[in-house]
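Given next are the chains, with one letter for each unit.
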Amino acid sequence: MNQTIARRAASALAVLALLLVSAMPVAAHATVPDGSDIPQGGDGAVIHVRIPHGCNGAPTDTVSVQLPDGVVNAKPEALAGWKVATERVTSAPYTLWGTTYTDRVGVVTWSGGSLPADQYLDFGISAIFTMEPGEYTVPVTQKCGADTVAWIEIPGAGQTEDDLEHPAPTITVVARSEEHTSELQSPMYLVCRLLLEK
């Protein structure tokens, strides 16, 4: 009798342990949480690269973001306690407000800060996304002192990002809708832009 009860108790504990393990969150990776449905062209949009944790318990001190071809007029967010630098790369010619350019910001790097391993931070980039609608990768390199984590892996055939240890974040660009266009043509938007351009 006692042996039966013990076996049942052991089985119940095993099931409970399995449930607890399955309920634990999957290890977080670098993402662009607002990177879906980015309107193509126009006056652009703002995306944020989220760093969810440190490197093996060490705080993050540098974050570099590589922007895909077609992302132009990129401007990084100023974050208190962090230095920001941009690297320009050669690009196909494009025109902004009457001026033609043959280079663009290809890499944005924040450094000199300290993001504790148990905290997250969003690194913002304002840009115009001129590429064709579709999904694009945004490789990210995270440094924590001597440790480096490169979020650059791309799923192969039959894989998802859950199959990878360090998947690259992705963004999705969509064709600009009438709703996007009407927002840009609204009186409030035009007044705000005129004030900013003065």
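Cut-offs and rules
Residues numbered from 1 in each chain as written. Predicted model: local features only at pLDDT ≥ 70, side-chain atom pairs only at ≥ 80, totals over all residues. Heavy atoms only, no water. Helix = DSSP H or I, 4+ residues; strand = E, 2+ residues; numbered from the N terminus. Buried < 20%, exposed > 50% of the residue type's maximum accessible area, 1.4 Å probe, protein only. Areas by Shrake-Rupley, 256 points an atom, 1.4 Å probe, with all protein chains shown as cover. Salt bridge = Lys/Arg side-chain N within 4 Å of Asp/Glu carboxyl O. pLDDT = per-residue confidence, 0-100. Contact = heavy atoms within 4.5 Å. Phe/Tyr/Trp six-rings, centres within 6.5 Å; stacked < 30°, edge-to-face > 60°.

(A) Examining the overall build of the protein chain more closely. The helix and strand inventory of the protein chain stands at three helices and eleven strands. For the protein chain, the α and β elements follow one another from N to C terminus as α-β-β-β-β-β-β-β-β-β-β-β-α-α. Burial analysis of the protein chain (198 residues in total) assigns 29% to the buried set. Summing over all exposed atoms, the protein chain offers an accessible surface of approximately 12200 Å²; the carbon and sulfur share of this is 57%.

(B) Main features of the pattern of salt bridges. Summed over the entire model, instances satisfying the criterion amount to three salt bridges. Two residues, Asp122 and Arg50, come together in a salt bridge whose shortest N-O distance is 2.7 Å. With Asp122 in strand 7 (residues 121–129) and Arg50 in strand 2 (residues 45–51), this residue pair connects regions lying 72 residues apart in the sequence.

(C) Region of interest: the confidence of the model for the protein chain. Averaged over all residues, the pLDDT of the protein chain is 82; the fraction at 70 or higher stands at 76%. In this model residues 12–27 is a low-confidence stretch, pLDDT under 50, and it forms zero contacts with partners more than four residues away in sequence or in other chains. Below a pLDDT of 50 lies the segment residues 180–198, which in the model reaches 13 contacts outside its immediate sequence neighbourhood of four places, other chains included.

(D) Structural context of the packing of aromatic side chains. The tally for this structure, following the rule as stated, stands at three aromatic pairs. Ring plane angle 90° and centroid distance 5.3 Å describe the contact between Trp82 and Phe123, whose orientation is recorded as edge-to-face. Taken together, the positions of Trp82 in the loop between strand 4 (71–76) and strand 5 (83–96) and Phe123 in strand 7 put the pair 41 residues apart, joining distant regions of the chain. Judged by its relative accessible area of 0%, Phe123 falls in the buried class. Counting every residue linked through ring pairs, the aromatic cluster contains Trp82, Trp110 and Phe123.

(E) Region of the structure containing the environment of Val174. Here Val174 is to be found in strand 11 (residues 170–174). With 135 residues separating them along the chain, Val174 and Pro39 place their C-alpha atoms 5.2 Å apart. In contact with Val174, other than residues within four places in its own chain, are Asp37, Ile38, Pro39, Gln40 and Pro133.

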